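Next come the chains, spelled out residue by residue.
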Amino acid sequence: MQLSIDDWKRLLSHIARRIEEQKDDFSALDRAVGDGDHGVTMSLGWQAIARRLDSYEGEDCGALCKELAMSFLNAVGSSVGPLYATAFLRGAAVLQGKARLAGEDLVQFWLAAVNGIRERGKAQVGDKTMIDAWQPAMEALQEAREAGLGIVESFEAAVAAGERGRDATAALVSQKGRSSRLGDRSVGHIDPGAASAVAILAAFTEALRGCA
Ligand SMILES: [Mg+2]
């Protein structure tokens, strides 16, 4: 698999499109455990990314991702802003200087991005956050690559693991952020951040199938 920067832009634009379609679902999830703004937050961030993708005229996928980090951060006021901005910055370092991307670059981009989220947010699996989706997804991605699966198949395995992690958050008591104030009352509800995390990775994988 060889991707041009235009392909890379298309992958990220597709995420923005899917987030926009699902923003009401994310806000509904957030109304159960938080302030109900998660859909609006993600929409603002990803629409800012979509605009920057359209306007960027350079040839460096890494430099582009640095720009996207700033776009997201500037558009989003909540705690999600620095998390995904850090993800894009860490991913940018992997793609620095590259006008074309191999499949393995995509794998390394996401691993670095999620490492950034983990370090910045300091959440563990079981805290009922986006990490409950991202962490198992990235473990599955690495395992699939080590087992010799192709790029698309590896991302599909990651999405499936992320979905299981997302669904498992329903049984958890929130340990982080506003929803942690609910204590046991957070049980029974899927974490909105885990839901949008899976939506991001699923949209990316869906668009990737069209590149393979
Ligand atoms: Mg919220």
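Above this note sits the structure.
Taken together, D30 (OD), D35 (OD) and D37 (OD) make up the protein donors of the magnesium ion, found 2.1 to 2.3 Å from the metal. Site description for the magnesium ion: donor spacing in sequence, D-x4-D-x1-D. Relative accessible area serves as the criterion here: at 28%, D37 is assigned to the partly exposed category.

Turning our attention to the nonpolar core. It is characteristic of soluble globular proteins that their nonpolar side chains tend to be buried jointly. Grouped together as the largest cluster of nonpolar side chains are 63 residues, with contacts concentrated most on W8, W46, Y84, W110, W134 and F155. If we skip the residues at most four places from it in the chain, F155 touches L106, V107, W110, L141, L201, F204, T205 and L208.

With that settled, the discussion passes to the state of the cysteines. One covalent bond between the sulfur atoms of two cysteine residues makes up a disulfide. Across all of its chains, the model carries zero disulfides by this definition. Looking at C65, it has no disulfide partner, and the nearest cysteine sulfur is the one in C61, 7.0 Å off. The class for C65 is buried, based on a relative accessible area of 0%.

Time to look at the packing of aromatic side chains. Applying the stated criterion across every chain, the model contains 11 aromatic pairs. Consider the rings of Y84 and W134, whose centres lie 6.5 Å apart with planes at 70°: the pair is edge-to-face. Here Y84 is found in helix α4 (residues 80–95), whereas its partner W134 is found in helix α6 (residues 131–146), with 50 residues between them in sequence. In this pair, the class of Y84 matches that of W134, namely buried.

Glancing now at helix α5 (residues 103–121). Over its 19 residues, α5 extends 27 Å from the first C-alpha to the last, a length consistent with the 27 Å expected when each residue adds 1.5 Å. In the segment just after α5, K122 is the residue with positive phi, at about 55°.

Here we come to the pattern of salt bridges. Enumeration according to the criterion identifies 10 salt bridges in this entry. One salt bridge connects R145 with E104, and the closest N-O pair in it is separated by 2.9 Å. With a gap of 41 residues between them, R145 in helix α6 and E104 in helix α5 connect regions that are remote in the sequence. Measuring nitrogen to oxygen at the nearest pair gives 2.6 Å for the salt bridge that ties E156 to R209. Here E156 is found in helix α7 (residues 151–168), whereas its partner R209 is found in helix α8 (residues 192–209), with 53 residues between them in sequence. By relative accessible area, E156 is classed as partly exposed at 32%. Residues joined in a network through salt bridges with shared partners are R18, E21 and E206.

With that settled, consider the environment of L141. With respect to the helices and strands, the residue L141 is situated in helix α6. The exposure class assigned to L141 is buried, which follows from its relative accessible area of 0%. Remark: the alpha-carbon pair of L141 and V159, spanning 18 residues in sequence, is separated by 8.6 Å. Once you skip the residues sitting within four places of it in the chain, L141 turns out to touch V107, W110, L111, S154, F155 and A158.

Take the environment of A171 next. Inspection of the secondary structure assignment puts A171 in the loop between α7 and α8. On the accessibility criterion, A171 (60% relative accessible area) is exposed. The spacing of A171 and A140 is 31 residues in sequence and 21 Å in space, taken between C-alpha atoms.

Time to look at the side chain of D60. Of note, D60 is situated in the loop between α2 (38–55) and α3 (61–75). This buried residue, D60, is left without a salt bridge; K66 holds the nearest opposite charge, at 7.5 Å. In terms of polar contacts, D60 uses its side chain to reach the backbone amide nitrogen of A63, at 3.0 Å. Within the structure, D60 has its side chain in polar contact with the backbone nitrogen of G97 (distance 3.0 Å). In this view, D60 contacts I5, L95, Q96, G97 and K98; residues no more than four positions away in its chain are not counted.

At a closest axis distance of 10 Å, the pairing of helix α1 (residues 5–33) and α3 adopts a crossing angle of 30°. Taken together, the axes of α1 and α3 are roughly parallel relative to one another. Two packed elements cross with a definite hand, and for α1 against α3 that hand is right-handed. Along its contact with α1, which presents I5, W8, K9 and L12, the element α3 presents C61, L64, C65 and L68.

Calculation rules
- Residues numbered from 1 in each chain as written.
- Predicted model: local features only at pLDDT ≥ 70, side-chain atom pairs only at ≥ 80, totals over all residues.
- Heavy atoms only, no water.
- Donors = N, O, S within 2.8 Å, 3.2 Å for Na, K, Ca; no water.
- Buried < 20%, exposed > 50% of the residue type's maximum accessible area, 1.4 Å probe, protein only.
- Core = buried A, V, L, I, M, F, W, Y, C linked by side-chain atoms within 4.5 Å.
- Contact = heavy atoms within 4.5 Å.
- Disulfide = S-S within 2.5 Å.
- Phe/Tyr/Trp six-rings, centres within 6.5 Å; stacked < 30°, edge-to-face > 60°.
- Helix = DSSP H or I, 4+ residues; strand = E, 2+ residues; numbered from the N terminus.
- Expected span 1.5 Å × (residues − 1).
- Salt bridge = Lys/Arg side-chain N within 4 Å of Asp/Glu carboxyl O.
- Lys, Arg positive; Asp, Glu negative; His and termini not counted.
- Polar contact = N/O pair within 3.5 Å; in protein donor to acceptor, adjacent residues only side chain to side chain.
- Axes fitted to C-alpha atoms, helices over the stretch in contact; angles between N-to-C directions.
- Parallel < 35°, antiparallel > 145°, perpendicular 65-115°, else oblique.
- Left-handed = near helix turned anticlockwise from the far one by under 90°.

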